[in-house]
There are 2 protein chains.
Amino acid sequence: MIHPIVSEVHHELQRIVRTDSPSLQRIVDYFLQQRGMGIRPLLVFLCGEIVSAPKQNLLDLAAATELLHMASLVHDDIVDQTAIRRNQPSVHHRFGEGAAVLLGDYFFGKLLKVISSYPPVLAEFSETIESLVAGEFMQIDQQGNSLLSQADYLQRIYAKTARFISSCCKIGCLLVDVPPAAQSLAEYGYNLGMAYQIIDDLQDVIGDPNLIGKPVLQDLSRGIYTLPYLHSLHQTPSEPANRSTVLISPEAILYTKKTAASYISKSIDALTAFKPSETKTQLIHFALQQQQKLDNLQEESCYAPTLH
Amino acid sequence: MIHPIVSEVHHELQRIVRTDSPSLQRIVDYFLQQRGMGIRPLLVFLCGEIVSAPKQNLLDLAAATELLHMASLVHDDIVDQTAIRRNQPSVHHRFGEGAAVLLGDYFFGKLLKVISSYPPVLAEFSETIESLVAGEFMQIDQQGNSLLSQADYLQRIYAKTARFISSCCKIGCLLVDVPPAAQSLAEYGYNLGMAYQIIDDLQDVIGDPNLIGKPVLQDLSRGIYTLPYLHSLHQTPSEPANRSTVLISPEAILYTKKTAASYISKSIDALTAFKPSETKTQLIHFALQQQQKLDNLQEESCYAPTLH
């Protein structure tokens, strides 16, 4: 179920990105109909509410984070050569790379407009953009490297995902100046973001393509090695180097699930200092939903292709 | 000759875009060695100086405008499929489209960091980005349309070039709040920007590839119709439609030069209200340099290819 605030932000976004250019509007509309789950706006909103930041400001910041996420998705799909996003051809696949580059830039411009009224959050957005770019470059640098350590993998998913989600969770605090709460919410977001990406990566291995809206084994077949794969490789180092597939064992999948579950549990712990409230319950519920997603994934073994 | 302030901004930029990622730094260095003329930082600086904006702030804003220009160049080269920039393979040609997309995004992130200390200029940057994107979309929409009016062409070069150059000229005023000066400097920049793009387009027709750092007839061969071409077409409407080349007459070239010269003259007129100063002389000198570039282009006729 979509949270009412996510629908509200979606309408706000449609207004913000309206343009006089018919050809741009066509691409904007195509992109917007591929609605995401809106987890970033939702987290901006709930975490901002728990520190009593004004609702209208939170709506603006929620829209801004979603604009950055949209820009990043459209551009990263070019970088990663992702053909399918949310069960539809990705923007660059449908309209060409040039149009996708410009669409992302257009979202950047709109992001800048929205945050221009909130000077305290500018540096935060700048650092998030840098982190997203750094994460993509780490992915490029790590591609095809089966000697990758777990620490390198965790650093990459931090830069690509957890840093941004953590930022969404603390951004409302930058408007009301509550440093201890900002620290707790940033920690909640960091742990949630790490779990979120590990689950996403696990879905690439054993997910249901109809549920996740994209084909499976996309990452692994491009040499983007994720936790279940790296764990399997490290467990069976004597595997002949010329095999074209690697067995991802149920044990590796279990290990991955345990790692994600541990992040989820730490995200809930980070909220301890907040007194009980409906918003706190929703934040905990959001973390538990991730656990539910994780529990729904079966520990089947799976053969993953390696790079040739 | 490179103005000392342009070298100063270049060093500042090298510092700003330094990164821990070796693969990103390699691409950054490649791009930065293709040094441009730095006309935007120079204009930010001179126009800011004429209204007594503080030098350190102007250096920051000059770096910010150059960062935006850099992001826009790297991305537009993907959109326009430009293979050669400043006598070297363009970034996407050398490192791939993904890397070029990320490099532009990295520059956006750094731009945001630099301007985060200057809230009054944020909306201005946001509108410039929108205008740059709108200009690229106009170009895509107008591509191959030989019925394009001169007004449509002028609107496109305004969005692509003159709007940004005008913004560079007035941006220093946003720090010191001098509305009449801002208006005059914006007008100076608008006219200079229009002239600058018309000259650039004319160079695509009759320029010396060694001097301009890229092959000629690139725009026309891709159906991007510019003033000399549109004027020639409108002068000879009975031209058979199946001809694969169109004669750009000396008359059309003369017409284009007169149009550019008229913008140059208006740019100088816009400075009338400023009292004589070394800075004012430099701004006039800059406009006269454009006139010199124009005078150096010969009115030879030229056959331009049309789209098949």
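Quick caveat: nothing in here was measured; it's all calculated off a predicted structure.

### Regarding the interface of chain B and chain A
Okay, so step 1: Each partner contributes residues to the interface: chain B has 35 residues there, and chain A has 35 residues.
Okay, so step 2: Roughly 3,100 Å² of surface becomes buried between chain B and chain A when both sides are summed, with 74% attributable to carbon and sulfur atoms.
Okay, so step 3: In terms of surface lost to chain A, no three residues of chain B exceed Leu102, Leu112 and Phe137 of chain B, which account for 21% of the buried area on that side.
Okay, so step 4: The partner of glutamate 130 of chain A in a salt bridge is lysine 110 of chain B, and the shortest N-O contact between them spans 3.2 Å.
Okay, so step 5: Where chain B packs against chain A, one counts 11 residue pairs in polar contact (both at pLDDT 80 or more).
Okay, so step 6: Elements with a contribution of two residues or more to the side of chain B that touches chain A: α2 (22-33), α4 (55-79), α6 (97-115) and α7 (122-142) of chain B.
Okay, so step 7: The element best represented in the side of chain B that touches chain A is α6 of chain B, accounting for 13 residues.
Okay, so step 8: Of the residues in the side of chain B that touches chain A, the class split is 19 nonpolar, 7 polar and 9 charged.

### A few points about the packing of aromatic side chains
All names here are of chain A.
Okay, so step 1: Applying the stated rule across the entire model yields 13 aromatic pairs over all chains.
Okay, so step 2: On the basis of an interplanar angle of 85 degrees and a centroid distance of 6.3 Å, the ring pair of tyrosine 190 and tyrosine 263 is categorised as edge-to-face. Of the two residues, tyrosine 190 sits in helix α10 (residues 179-206) while tyrosine 263 sits in helix α14 (residues 250-269), which places them 73 residues apart along the sequence.
Okay, so step 3: Given a relative accessible area of 29%, tyrosine 190 falls into the partly exposed group.
Okay, so step 4: A relative accessible area of 9% places tyrosine 263 in the buried class.
Okay, so step 5: Aromatic ring contacts, followed pair by pair, group Phe31, Tyr106 and Phe107 into a single cluster.
Okay, so step 6: Stacked on the ring of tyrosine 30, the Lys or Arg arginine 94 has its end atom at 5.7 Å from the ring centre.
Okay, so step 7: For arginine 94, the ring lying beneath its charged end belongs to phenylalanine 95, and the centroid distance is 4.6 Å.

### Things to note about the environment of alanine 53 of chain A
Residues and elements named next belong to chain A.
Okay, so step 1: As for its placement among the helices and strands, alanine 53 is situated in the loop between α3 (39-50) and α4 (55-79).
Okay, so step 2: Placed 83 residues apart in sequence, alanine 53 and glutamate 136 show a C-alpha to C-alpha distance of 32 Å.
Okay, so step 3: Among residues more than four places away in sequence, those in contact with alanine 53 are Gly48, Leu58, Gly172 and Val176.

### Digging into the environment of lysine 258 of chain B
Residue and element names in this part refer to chain B.
Okay, so step 1: Its place among the elements puts lysine 258 in helix α14 (residues 250-269).
Okay, so step 2: With a relative accessible area of 59%, lysine 258 lands in the exposed category.
Okay, so step 3: Taking the C-alpha atoms as reference points, lysine 258 and serine 167, separated by 91 residues in sequence, lie 25 Å from one another.

### Some details on the relation of the copies chain B and chain A
Okay, so step 1: Expressed as a screw transformation, the operator carrying chain B onto chain A has a rotation angle of 180 degrees and an axial translation of 0.0 Å, and the superposed copies differ by an RMSD of 0.0 Å. Put plainly, the chains are arranged around a two-fold axis. No C-alpha of chain B lies nearer the rotation axis than that of proline 119 of chain B, which sits 3.1 Å from it.
Okay, so step 2: Interface overlap between copies is the fraction of interface residues in one copy that are interface residues in the other; for chain B against chain A it reaches 100%, indicating a shared surface.

### With respect to the environment of glycine 193 of chain A
All names here are of chain A.
Okay, so step 1: Note that glycine 193 resides in helix α10.
Okay, so step 2: Sequence separation between glycine 193 and arginine 163 is 30 residues; the distance between their C-alpha atoms is 7.4 Å.
Okay, so step 3: Residues contacting glycine 193, with those up to four places away along its chain left out, are Thr161, Ala162 and Ile165.

### Some points on the nonpolar core
Okay, so step 1: Phe107, Leu185 and Tyr188 of chain A together with Phe107, Leu185 and Tyr188 of chain B are the most contacted members of the largest nonpolar core, which has 206 residues in total.
Okay, so step 2: The contacts of leucine 185 of chain A, once residues within four sequence positions are left out, are Cys47, Ile50, Val51, Cys169, Cys173, Leu271, Phe274 and Leu283 of chain A.

### Here we look at helix α3 (residues 39-50) of chain B
Residue and element names in this part refer to chain B.
Okay, so step 1: Taking 1.5 Å of rise per residue, 12 residues should cover 16 Å, and α3 covers 16 Å from first to last C-alpha, within 8% of that figure.
Okay, so step 2: In terms of burial, α3 is a largely internal element, 11 of the 12 residues being buried.
Okay, so step 3: For α3, the complete set of buried residues consists of Ile39, Arg40, Pro41, Leu42, Leu43, Val44, Phe45, Leu46, Cys47, Gly48 and Ile50.
Okay, so step 4: On its buried side, α3 packs onto α1 (4-16), α4, α8 (150-171), α10 (179-206) and α15 (278-296).
Okay, so step 5: Once α3 ends, the next one or two residues include serine 52, with phi positive near 60 degrees.

Conventions used here
- Residues numbered from 1 in each chain as written.
- Chains lettered and ligands numbered in written order.
- Predicted model: local features only at pLDDT ≥ 70, side-chain atom pairs only at ≥ 80, totals over all residues.
- Heavy atoms only, no water.
- Contact = heavy atoms within 4.5 Å.
- Buried area = accessible area lost by both parts, 1.4 Å probe.
- Salt bridge = Lys/Arg side-chain N within 4 Å of Asp/Glu carboxyl O.
- Polar contact = N/O pair within 3.5 Å; in protein donor to acceptor, adjacent residues only side chain to side chain.
- Helix = DSSP H or I, 4+ residues; strand = E, 2+ residues; numbered from the N terminus.
- Nonpolar A, V, L, I, M, F, W, Y, C, P; charged D, E, K, R; others polar.
- Phe/Tyr/Trp six-rings, centres within 6.5 Å; stacked < 30°, edge-to-face > 60°.
- Buried < 20%, exposed > 50% of the residue type's maximum accessible area, 1.4 Å probe, protein only.
- Lys NZ or Arg CZ within 6 Å of the ring centre and 35° of its normal.
- Least-squares fit on C-alpha atoms with pLDDT ≥ 70 in both.
- Core = buried A, V, L, I, M, F, W, Y, C linked by side-chain atoms within 4.5 Å.
- Expected span 1.5 Å × (residues − 1).

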